[in-house]
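# Results of the structural survey
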Amino acid sequence: MKPPRLNQRRVLAGIVLLLLIACVLPTRGARAVSTVPRHLLELVVGPVSGLLTRLSFDIRPGHKPPPEARTLEDYANMRVLVESLQQRILQLEQENRNLRRIREVQEFDGFTFLPARVTMPVRDPSNPTLTIDRGQRHGVRQGQVVTAGDSLFGRVTDAGTVTSAVRLINAPDTRLVVRLVPPEPGAAAYDKLVQVQQADNGKAFWAKVEADTTIRVGDLAHLADDAWPTEARGFIVGRVQRIIDHPDWPGLARRVIIKPLRPLGRTSNVIVLVPVGAAS
Amino acid sequence: MRWLTFAIFVYVMLAAEIGLRPLVGVPYGASFVGPSLMLILFVHVAMSAPPLAVAWAALVIGLLVDLTHQAPIVGPAALAYLLGAYVAMQLRVMVFRDSALSLAAMTFAVGVFVHLAVVFLLVIRGLPFLPSDPLPDWDAPGQLVFGFFELLYTTAASIPVGMLLRKLESMWALVPNTIGR
């Protein structure tokens, strides 16, 4: 008796062959092949993984929250709580000032701020892309700007029906032009624009500036890049953390280390800037 | 092997691997070094299931791993897990199936092959005679370092997770492995 033409081994061998071909497809072709199954998978796994992601960020947030009242046992702990809350108020006041400043230079009349949650955090450090729970059904389209409070967060690279992929601004190939502004209200920005690029494995940015620059630690880096949509300009890329001598041009140039206000990969809630007509 | 049980475990492990990474992972740049629960699940299956079932399980898990990474390429992890299936089937006759340490050792050994195969398949995309193009801003050394740390974490996590999977093994109906079968 002849063995059946189509058995499991042959099917497996066929699939292996297809996968080998898929491995060497050009990126555009590979994207076309993987987009639909990826969105389907996000649709199926997203609700549970999103729930667990939120739980994870609640238990272990990216920035230190004030201690929970229930953990306080004595007066000393209460004072810590009060101090941390005061610190938080100062942070929020600063964030409010930053947002007002962005508002002064930026018109958002044509945009809706669409809140979104992270359902799949960054998995690959060389490709810092995450998934949010908003997609085309909510008006999200490829190229739209994503922010987190007053900070620039990234751009939508792929919009599915109900989920979207967001590439963070600290991707290795990112070059951003920023304007450095002192944090004090009403302070004038420095004249020159500065190009920053990723450093320290995505945790910070660096920029080369002239040695006689008046830039100080604590200055805020606002996006001023023509390559980005106008609505993104003004959002904060980070804060100047250190200014050191440039290793290649000692005495002539300095290196400015800029750190994002919040760890980008550890943010659970973001906002997508969606044009008014597109929002559902 | 009961495929429905496999599907439920895959779903739970995949959601947990993605969702709990910010909680249990060690920050590494913009991402986290966390345990690969899918690799542990695969090794658990590979230690006991019939060869063809191991191959299908490798294919399913590998494809899911490919799709959950944001690189648009489908195939490297699926093929790497198939290689891992072959390695696991060569090694499984040499270990005590019931030991959690065996699972940890197998996870490390299989994981090395899986990570190396994924990096290899993504590196060859840059060869000039292939139609593919190299992935933008993807670097092999960085990926190997990240993969190594992830593998160490996965190996450590495989002991408690493996014990849990062993407790639930009655749900799987896995065929016990015997030499010469």
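The structure presented is a predicted model; accordingly, all values stated were derived computationally and were not measured.

## Re the overall build of chain B
Of the regular secondary structure elements, chain B holds 7 helices and 2 strands. N-terminal to C-terminal, the α/β element order of chain B is α-α-β-β-α-α-α-α-α. Radius of gyration (C-alpha) of chain B: 16 Å, near the 16 Å computed for a compact globule of 181 residues. Seen along its three principal axes, the alpha-carbon backbone of chain B occupies a region of about 45 × 40 × 30 Å.

## A few points about the confidence of the model for chain B
Mean pLDDT over chain B stands at 87; residues scoring 70 or higher make up 96%. Listed scores for the predicted complex are pTM 0.75 and ipTM 0.85.

## A few points about the interface of chain B and chain A
Contacts between the two partners involve 50 residues from chain B and, on the opposite side, 54 residues from chain A. Where chain B meets chain A, there are 0 salt bridges. Of all the elements in the fold, those that place two or more residues in the side of chain B that touches chain A are α1 (3–19), α2 (21–24), β1 (26–28), β2 (31–33), α4 (51–68), α5 (76–91) and α7 (140–167) of chain B. Top element by residues in the side of chain B that touches chain A is α4(B). It accounts for 9 residues. Looking at the side of chain B that touches chain A residue by residue, the class counts come to 33 nonpolar, 10 polar and 7 charged.

## Observations concerning the pairing of strand β12 (residues 269–275) of chain A
All names here are of chain A. Strand direction decides the pairing type here: strand β1 (residues 111–120) and β12, joined by 7 bridges, are antiparallel. By the bridge assignment, Ala116 is partnered in β12 with Val270. Note: strand β3 (residues 145–148) against β12, 2 bridges, orientation antiparallel. Paired with Val146 across the two strands is Val272, which belongs to β12.

## Digging into the confidence of the model for chain A
Averaged over all residues, the pLDDT of chain A is 81; the fraction at 70 or higher stands at 85%. In the model, residues 65–70 of chain A has pLDDT below 50 throughout and makes 6 contacts with residues more than four positions away in sequence or in other chains.

## Details of the nonpolar core
If you look at the biggest cluster of nonpolar residues, it comprises 69 residues, and the most contacted ones within it are Met38(B), Phe42(B), Ile61(B) and Tyr81(B). Of all elements in the fold, only α1 (8–23) and α2 (27–59) of chain A together with α1, α3 (37–46), α4, α5, α6 (100–123) and α7 of chain B reach the threshold of two or more residues within this core. Of the residues forming this core, the biggest block, 11 residues, is contributed by α4(B). Not counting the four nearest positions on each side in its chain, Tyr81(B) is found in contact with Ser36(B), Met38(B), Leu39(B), Phe42(B), Ala58(B), Ile61(B), Gly62(B), Val65(B) and Val114(B).

## Some details on the packing of α3(B) against α4(B)
Residues and elements named next belong to chain B. Contact geometry of α3 with α4 gives a least axis separation of 10 Å together with a crossing angle of 175 degrees. Comparing their axes, α4 and α3 come out roughly antiparallel. Contacts between α3 and α4 involve Met38, Leu41, Phe42, Val45 and Ala46 from the first element and Val54, Ala57, Ala58, Ile61, Leu64 and Val65 from the second. Looking at the contact of α3 with α4 residue by residue, the classes come out as 11 nonpolar, no polar and no charged.

## Thoughts on the environment of Leu168(A)
Structurally, the position occupied by Leu168(A) is in strand β5 (residues 164–168). Taking relative accessible area as the criterion, Leu168(A) reaches 2% and is therefore assigned buried. For the pair formed by Leu168(A) and Val256(A), sequence separation is 88 residues and the distance between their alpha carbons is 21 Å. Ignoring any residue separated from it by four or fewer positions in sequence, one finds Leu168(A) in contact with Val122(A), Pro128(A), Leu130(A), Phe153(A), Gly154(A), Thr174(A), Leu264(A), Gly265(A) and Ala30(B).

Cut-offs used in this document
- Residues numbered from 1 in each chain as written.
- Chains lettered and ligands numbered in written order.
- Predicted model: local features only at pLDDT ≥ 70, side-chain atom pairs only at ≥ 80, totals over all residues.
- Heavy atoms only, no water.
- Helix = DSSP H or I, 4+ residues; strand = E, 2+ residues; numbered from the N terminus.
- Rg over C-alpha atoms; globule rule 2.2 N^0.38 Å.
- pLDDT = per-residue confidence, 0-100.
- Contact = heavy atoms within 4.5 Å.
- Salt bridge = Lys/Arg side-chain N within 4 Å of Asp/Glu carboxyl O.
- Nonpolar A, V, L, I, M, F, W, Y, C, P; charged D, E, K, R; others polar.
- Pairing = 2+ DSSP bridges.
- Core = buried A, V, L, I, M, F, W, Y, C linked by side-chain atoms within 4.5 Å.
- Buried < 20%, exposed > 50% of the residue type's maximum accessible area, 1.4 Å probe, protein only.
- Axes fitted to C-alpha atoms, helices over the stretch in contact; angles between N-to-C directions.
- Parallel < 35°, antiparallel > 145°, perpendicular 65-115°, else oblique.

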